[in-house]
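# Structural overview for review
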Amino acid sequence: MSEGPVNPLRDPRDRRLPRIAGPCSMVLFGVTGDLSRKKIMPAVYDLANRGLLPPGFSLVGFARREWEDQDFAQIVRDAVKEFARTEFRQEVWDQLADGFRFVPGEFDDDVAFDLLRSTLQQLDQERGTGGNHAFYLAIPPGLFGSVVSQLQEHGLAESDTAWRRVVVEKPFGHDLESARELNDVLAGVFPSGSVFRIDHYLGKETVQNVLAMRFANTMFEPLWNSHFVDHVQITMAEDIGIGGRAGYYDGIGAARDVIQNHLLQLMALVAMEEPRSFDADSLRREKEKLLASVVLPRSLARSTARGQYAAGWAGGEKVQGFLEEEGIAQDSTTETYAAVTLHVENRRWAGVPFYLRAGKRLGRRVTEVAVVFKPAPHLPFSDHSTEELTQNALVIRVQPDEGLTVRFGSKVPGTSMEIRDVSMDFAYGGSFTESSPEAYERLILDVLLGDPPLFPRHEEVELSWKILDPVLEHWARKGAPEPYESGTWGPPSADEMLAREGRSWRRP
Ligand code: BG6
């Protein structure tokens, strides 16, 4: 059997043991969506291919389609062929596809949920799934309510002898109030320990490595505070536009789409205190403490920026602007770029700004955390010698070139004393032979194993909305965002936001 993935958050004593899910099935709501096709279905296959699913694992699709089991299997097969990370192996596929079932129906259709129940009972008997079922809601949050209450009414939400879990995808609301409402809906049916909120950034190898880097080494942590750190920049830049996601994205925008979740989670991992251990409670508690200490500067006009992409260039091709995208209202004020300045009110971080930015149709795809250090307090060199020296920085490259870069000053070889920035690099590809699993592989496996550290709990979601709500309200009062040309690095106001504080964004 191949060795299982190594989750760095697990007890090091079982580090080399494969983590194989026990008997279970997963019910997928939203099988026709992009997420299912591009991420969830391929990840299920990749897990099976790596021998990490139980032999009788079963996948049940539920949707408003008149499909038979084999139609559903064909949909999954196409998705796997196009998007799976690992090679297609017929014998793996055959075994997996044996457990595929499809239940046609609307989310408020009692007959369909009766059929779902009998299908699951049958799978328990035929394939030994043991009554353990994960319900994956890859559907808009507006539909969560009717699905979870159907699960409850049809006796699927709980069992005395087996586990039942529900998996939900963001957006977890569009502000604090709606997030609370959504949580009430889930909490009314599933106990909090059975709710798995997916933030796929937490499943990324490099994001987990933030913890390893900080807490498994001695050389970073002593500098990790306001005595040495000047500021932190967290960037999530994408070169793609909104593609076919107008229906989801319009009215949501960059801040709700990725800052409220991915970037604030990244910030929490970068800035939190050391957890007592990496069990779910300790880790989440530290993240929550950090998020509860985050404050916005007084002037939101000066400390935030937002933009909307206009026509321009991407990958050498001319591309249209956001307002010309299919399905976007001509007068849409949705931002496709957002930047915010945040402060952390605690002893470690007082006075250190955290600048978070995210945008679509930017210069290139890159996600990174740059910890920028203060300049040396004294430079015993002539001004001329250090003209090309900037500040030391430690850059955690989340994607695409996963790794870590340390930027520092070095003497340029020669007879004069000239000091310039150089970089020292750690690249995953250069040090490890195995490729990283997709975030969804790890997260789906964790759901099936009931391993919750990588899933934010509701308190974190609420705290993140508390941080962002005033910014969103401020922007809502201001009307249209500032346009920026596709292929550039966002609106001028984002540069001004940092320039006001004597700083500038990195050009990754
Ligand atoms: C999703 C956002 O959460 O993350 C998308 O909804 C975004 O808008 C995507 O494109 C990016 O994910 P990744 O893993 O490619 O950085």
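Residues numbered from 1 in each chain as written. Predicted model: local features only at pLDDT ≥ 70, side-chain atom pairs only at ≥ 80, totals over all residues. Heavy atoms only, no water.

## Details of the site of the ligand
To keep it simple, the criterion reads: If even one non-hydrogen atom of a residue comes within 4 Å of a molecule or strand, that residue is called near it. Here a polar contact is taken to be a pair of N or O atoms separated by no more than 3.5 Å, where protein atoms must pair a possible hydrogen donor with a possible acceptor and residues adjacent in sequence count only if both atoms sit in side chains. Reported accessibility uses the Shrake-Rupley method at a 1.4 Å probe radius. Residues are deemed covered only where the shown protein chains occlude them. A run of H or I in DSSP counts as a helix once it spans at least four residues, and a run of E counts as a strand once it spans at least two, with each numbered from the N terminus. In this count, Pro and Cys sit with the nonpolar residues alongside Ala, Val, Leu, Ile, Met, Phe, Trp and Tyr, while Asp, Glu, Lys and Arg are called charged and the others, Gly among them, polar.
What surrounds the ligand is a group of 14 residues, the closest being Tyr-201, Lys-204, Glu-238, Asp-257 and Gln-399. Here an oxygen atom of the ligand and a side-chain polar atom of Arg-245 are 2.8 Å apart. His-262 is positioned with one of its side-chain polar atoms (N or O) 2.7 Å from an oxygen atom of the ligand. Its free accessible area being 400 Å², the ligand has 83% of it covered by the protein chains. For the shell around the ligand, the element with the highest residue contribution is helix H9 (residues 253–271), accounting for 3 residues. Of the residues that constitute the shell around the ligand, the class distribution is 4 nonpolar, 3 polar and 7 charged.

## Let's talk about unusual backbone geometry
The following threshold applies: Here's how the labels work: a residue is buried when its accessible area is under 20% of the maximum for its type, exposed when over 50%, partly exposed in between, all with a 1.4 Å probe on protein chains only.
Cis peptide bonds are those with omega within 30 degrees of zero, and the linkage from Lys-170 to Pro-171 qualifies with 5°. Tracing the chain through its elements places Pro-171 in the loop between strand S5 (164–169) and helix H6 (176–187). That bond from Gln-399 to Pro-400 is cis: its omega, 5°, falls within 30 degrees of zero. Mapped onto the secondary structure, Pro-400 falls in the loop between strand S14 (393–399) and strand S15 (403–411). A positive phi angle is found at Arg-361, which is not glycine, with a value near 55°. Examined against the element boundaries, Arg-361 turns out to sit in the loop between strand S12 (354–359) and strand S13 (366–373). For Arg-361, a relative accessible area of 13% corresponds to the buried category.

## Comments concerning empty space enclosed by the protein
To be explicit about the condition: For cavity detection a 1 Å grid was placed over the protein atoms alone, and a set of points counts as a cavity when a 1.4 Å probe fits there but cannot get out; an open set counts as a pocket when protein lies on both sides within 12 Å along at least five of seven lines, with lining residues being those that have an atom within 4 Å of a point. Grid points are joined across faces, edges and corners, and a volume is the space filled by probe spheres set on the points.
Following the criterion strictly, the structure yields 7 cavities of 30 Å³ or more and no others. Each pocket or cavity is described by its volume, and for the largest cavity that value is around 60 Å³. Forming the boundary of the largest cavity are Phe-172, Asp-199, Gln-260, Asn-261, Leu-264, Gln-265, Pro-456, Glu-460, Val-461 and Ser-464. Ranked by the residues each element gives to the lining of the largest cavity, the list is headed by H9, at 4 residues.

## Quick word on the pairing of strand S9 (residues 304–314)
Formally: For two strands to count as paired, DSSP must find a minimum of two bridges between them.
Two elements, S9 and strand S11 (residues 337–344), share 4 bridges in a ladder whose sense is antiparallel. Among the inter-strand pairings, Thr-304 is bridged to a residue of S11, identified as Val-340. Examined bridge by bridge, S9 and strand S17 (residues 482–486) share 5 bridges and lie parallel to one another. The residue bridging Tyr-309 from the neighbouring strand is Tyr-484, located in S17. Inspection of the sheet shows S9 paired to strand S10 (residues 317–319) by 3 bridges, in the antiparallel sense. From the neighbouring strand, Trp-313 faces S10, where its bridge partner is Lys-318. What sits between the antiparallel neighbours S9 and S10 is a turn of 2 residues, in which Gly-315 has the positive phi angle 55°.

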